[in-house]
Amino acid sequence: MTSRTLSILCVSVLVSWCAVPIMGFAEDERNLERGKKIYEKYCLACHGVQGRGDGGVRFDPPVADLTSSEVLTKPNSRLLESIHDGRTNTAMDTWKSKLSDDAIRDVLAYVLTFPR
Ligand code: HEC
């Protein structure tokens, strides 16, 4: 094996290794078109067009601002869980019966595109 083939091999191993989704969530592999559709259908009324929690429906505790550091400092796996299972004693419902795990990943990927 030449050193050139060897280095190509090393690079491709490295690339595929890095692309292994963390907790099954690789932001850049998600379907953002689908995420947007889901967001507009199910989430926008509370979370607002760009996720700022200004959708017009008011709750106590208030709707989370999805562009805030409070939310974004949580790991993606934690946010997926919040969408999947909902948040106890808040208006944030569980979505697991309406949305597949894949759909939940797509909608979170879309949420993460909002300007911060
Ligand atoms: C009925 C209103 C309502 C709808 C609809 C709604 N949410 Fe929420 N959401 C909330 C509220 C209220 C909170 C704040 C919960 C809290 O205080 O922990 C929240 C919090 C969140 C959080 C932050 C969770 C965390 O761990 O901090 C995410 C992410 C989120 N919502 C995503 C979504 C997505 C995606 C959808 C659509 C599938 C959605 N929400 C639909 C009301 C809503």
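Preceding block: the structure.
Everything numeric in this text was worked out from a predicted model, so none of it was measured.

Draft legend 1. Region of the structure containing the overall build of the chain. A tally of regular secondary structure across the chain gives five helices and zero strands. Start at the N end of the chain and walk to the C end: the helices and strands fall as α-α-α-α-α. The buried share of the chain, taken over its 116 residues, is 29%. Here the contacts in the chain between residues at least 6 apart in sequence split such that 52% fall between residues at least 24 apart.

Draft legend 2. Fine view of the site of the ligand. The immediate surroundings of the ligand are formed by 21 residues, with Cys-43, Cys-46, His-47, Ser-82 and Met-92 found nearest. Within the side chain of Lys-74, one N or O atom sits 2.7 Å away from an oxygen atom of the ligand. Here Ser-82 contributes a side-chain N or O atom positioned 2.6 Å from an oxygen atom of the ligand. When residues of the shell around the ligand are assigned to their parent elements, the largest contribution, four residues, is made by helix α2 (residues 32–47). Residues that form the shell around the ligand fall into these classes: 16 nonpolar, three polar and two charged.

Draft legend 3. Quick peek at the coordination of the iron atom of the ligand. The protein atoms that coordinate the iron atom of the ligand are His-47 (NE2) and Met-92 (SD), at distances spanning 2.0 to 2.2 Å. Considering all six donor atoms around the iron atom of the ligand, angles at the metal cover 88 to 178° and the coordination shape is octahedral. With His-47 in helix α2 and Met-92 in the loop between α4 (76–85) and α5 (101–111), the pair connects residues that are 45 residues apart, well separated along the chain.

Draft legend 4. Geometry of the packing of α4 against α5. Taken N-terminus to C-terminus, the directions of α4 and α5 make an angle of 120°; their axes are 10 Å apart at the nearest point. Judged on the interaxial angle alone, α5 and α4 are oblique. Pair α4 / α5 crosses with right-handed handedness. Mapping the contact onto sequence places Asn-76, Leu-79, Leu-80, Ile-83 and His-84 in α4 and Asp-101, Ile-104, Arg-105, Val-107 and Leu-108 in α5. Residues that form the contact of α4 with α5 fall into these classes: six nonpolar, two polar and two charged.

Draft legend 5. Representation of the nonpolar core in the model. Core analysis: the largest hydrophobic core is formed by 20 residues, its most contacted members being Phe-25, Tyr-39, Ile-83, Leu-99, Val-107, Leu-108 and Val-111. Only α2, α4 and α5 provide two or more residues apiece to this core. Here the element with the most residues in this core is α5; it accounts for seven residues. Sequence-distant contacts of Val-111, that is, excluding residues within four places in its chain, are made with Tyr-39 and Leu-66.

Draft legend 6. Highlighting α5. Of all eleven residues in α5, nine are buried; the element is thus mostly enclosed. Within α5 the residues assigned to the buried category are Ala-103, Ile-104, Arg-105, Asp-106, Val-107, Leu-108, Ala-109, Tyr-110 and Val-111. Buried positions along α5 lie against α2 and α4.

Draft legend 7. Looking closely at the environment of Arg-58. Its place among the elements puts Arg-58 in the loop between α2 and α3 (69–72). Residue class for Arg-58 comes out exposed when judged on its relative accessible area of 60%. For Arg-58 and Cys-46, which are twelve residues apart along the polypeptide, the C-alpha to C-alpha distance reads 7.5 Å.

Here is what the cut-offs are and how they apply
- Residues numbered from 1 in each chain as written.
- Predicted model: local features only at pLDDT ≥ 70, side-chain atom pairs only at ≥ 80, totals over all residues.
- Heavy atoms only, no water.
- Helix = DSSP H or I, 4+ residues; strand = E, 2+ residues; numbered from the N terminus.
- Buried < 20%, exposed > 50% of the residue type's maximum accessible area, 1.4 Å probe, protein only.
- Contact = heavy atoms within 4.5 Å.
- Near = heavy atom within 4 Å.
- Polar contact = N/O pair within 3.5 Å; in protein donor to acceptor, adjacent residues only side chain to side chain.
- Nonpolar A, V, L, I, M, F, W, Y, C, P; charged D, E, K, R; others polar.
- Donors = N, O, S within 2.8 Å, 3.2 Å for Na, K, Ca; no water.
- Tetrahedral: all angles 85-135°; square planar, octahedral: opposite > 155°, others 65-115°.
- Axes fitted to C-alpha atoms, helices over the stretch in contact; angles between N-to-C directions.
- Parallel < 35°, antiparallel > 145°, perpendicular 65-115°, else oblique.
- Left-handed = near helix turned anticlockwise from the far one by under 90°.
- Core = buried A, V, L, I, M, F, W, Y, C linked by side-chain atoms within 4.5 Å.

Bear in mind that shape data such as this cannot, by itself, settle questions of function.
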